[in-house]
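Residue-level structure breakdown
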Amino acid sequence: MSTPEPPRPRRNRTTVAVVAASAAVVVACAAVGYLTLRDGGNDEADPRPAPAASASASTGGTERGAGGGGSDPLVPGWNTVVNAKRGITFDAPASWKRQSADWVSYVAENDDPEEKPLVAMMAPAVLKEKWCTSDDDKDGSPETFSLASVGTTGEQGAKSAAEAAEDTAKTWVYGLYTQPDRSRLTVGEPESFRTTSGVEGSLVTVTSSGAPKKGKCDTDGKAVTFAFKNAEGRFVSWTYVGAHGVQDEVSDATIRRILSTVRLFEDGDGEG
């Protein structure tokens with residue numbers, strides 16, 4: 001009797017949050033449908049159907065981030081991304097599509113029927129949303145995979161910046177690219193990092209190698225997480241996560257340049 005193969009990681013999980021002020025819903029192209037944002041320490045998504053509401057035509061591509069505001073971009077021609085809830089601002093190249101302030105991307109265990117998020121990022125910027133499309137299960141519903149994303153989150157319960165950076169980076173690569181196998185991860189040593197604005201924290205890079213390629217869009221993955229304290233002294237983080245070992249892979253120089261723009265946004269409420 002043959003052993004059944006483990007399911008492929010599903011890499012297009014994205015939540016859609018109800019915008020309380022306008023009762024509109026930001027619509028995402030995701031297999032999990034409508035999900036509501038929970039006020040958890042890690043910007044987690046609660047996999048419960050949101051109340052029915054009319055759809056907004058906006059995907060957040062022209063919005064600056066949670067609550068608006070923020071400073072002008074540090075790099076000319078780039079766009080500012082704000083997570084006011086966590087008190088973080090950074091910039092992304094114009095080619096990276098900014099999602100709305102209430103958009104949360106996350107990963108969960110493939111065999112979890114409740115899709116409880118393992119890790120999540122709020123209001124991310126996404127590069128090449130339709131980088132790869134496949135219908136490996138031949139059900140007539142192709143899945144679309146992006147090349148890379150950058151976003152921020154809270155790190156509730158973290159004892160140090162190094163711990164937060166390592167745990168978050170490992171979970172992204174595992175969740176998107178290697179599950180259920182954690183042995184494929186290569187974890188770099190934590191390094192001290194200081195952004196252009198003077199934010200200091202710990203940086204950890206995690207990559208995968210040799211993950212079984214069961215579908216057209218399967219690749220190895222890479223995550224770079226920078227963890228630090230916000231203006232309220234709470235651990236938060238910025239993360240890059242994307243395909244690794246592919247022709248279009250985002251360069252380390254670009255990742256570091258985006259990271260260098262991370263700065264504090266002190267108008268956020270910092271709750272969570």
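The present account deals with the structure reproduced in this document.

Secondary structure summary: the chain contains two helices and 20 strands in total. Across the 272 residues that make up the chain, the buried fraction comes to 52%. Partitioning the contacts of the chain with sequence separation of at least 6, the portion at a separation of at least 24 is 62%.

A few words now on the pattern of salt bridges. If you walk through the whole model with that rule in mind, you get eleven salt bridges. Asp181 serves as the salt-bridge partner of Arg184, at 3.1 Å between the closest nitrogen and oxygen. A relative accessible area of 30% means that Arg184 is categorised as partly exposed. Looking at Asp181, the relative accessible area reads 24%, which means it is partly exposed.

Time to look at helix 2 (residues 252–260). All of the buried residues along helix 2 are Ile255, Ile258, Leu259 and Ser260. The inward-facing, buried residues of helix 2 abut strand 8 (88–92), strand 9 (96–98), strand 16 (191–194), strand 17 (200–208), strand 18 (220–229) and strand 19 (235–244).

A separate point is the state of the cysteines. All told, the structure shown has one disulfide when counted by the stated rule. There is a disulfide in this structure between Cys132 and Cys217, and the S-S distance comes to 2.0 Å. A torsion of -85° about the S-S bond marks the disulfide between Cys132 and Cys217 as left-handed. Of the two residues, Cys132 sits in strand 12 (residues 132–134) while Cys217 sits in the loop between strand 17 and strand 18, which places them 85 residues apart along the sequence.

About the cut-offs
Residues numbered from 1 in each chain as written. Predicted model: local features only at pLDDT ≥ 70, side-chain atom pairs only at ≥ 80, totals over all residues. Heavy atoms only, no water. Helix = DSSP H or I, 4+ residues; strand = E, 2+ residues; numbered from the N terminus. Buried < 20%, exposed > 50% of the residue type's maximum accessible area, 1.4 Å probe, protein only. Contact = heavy atoms within 4.5 Å. Salt bridge = Lys/Arg side-chain N within 4 Å of Asp/Glu carboxyl O. Disulfide = S-S within 2.5 Å.

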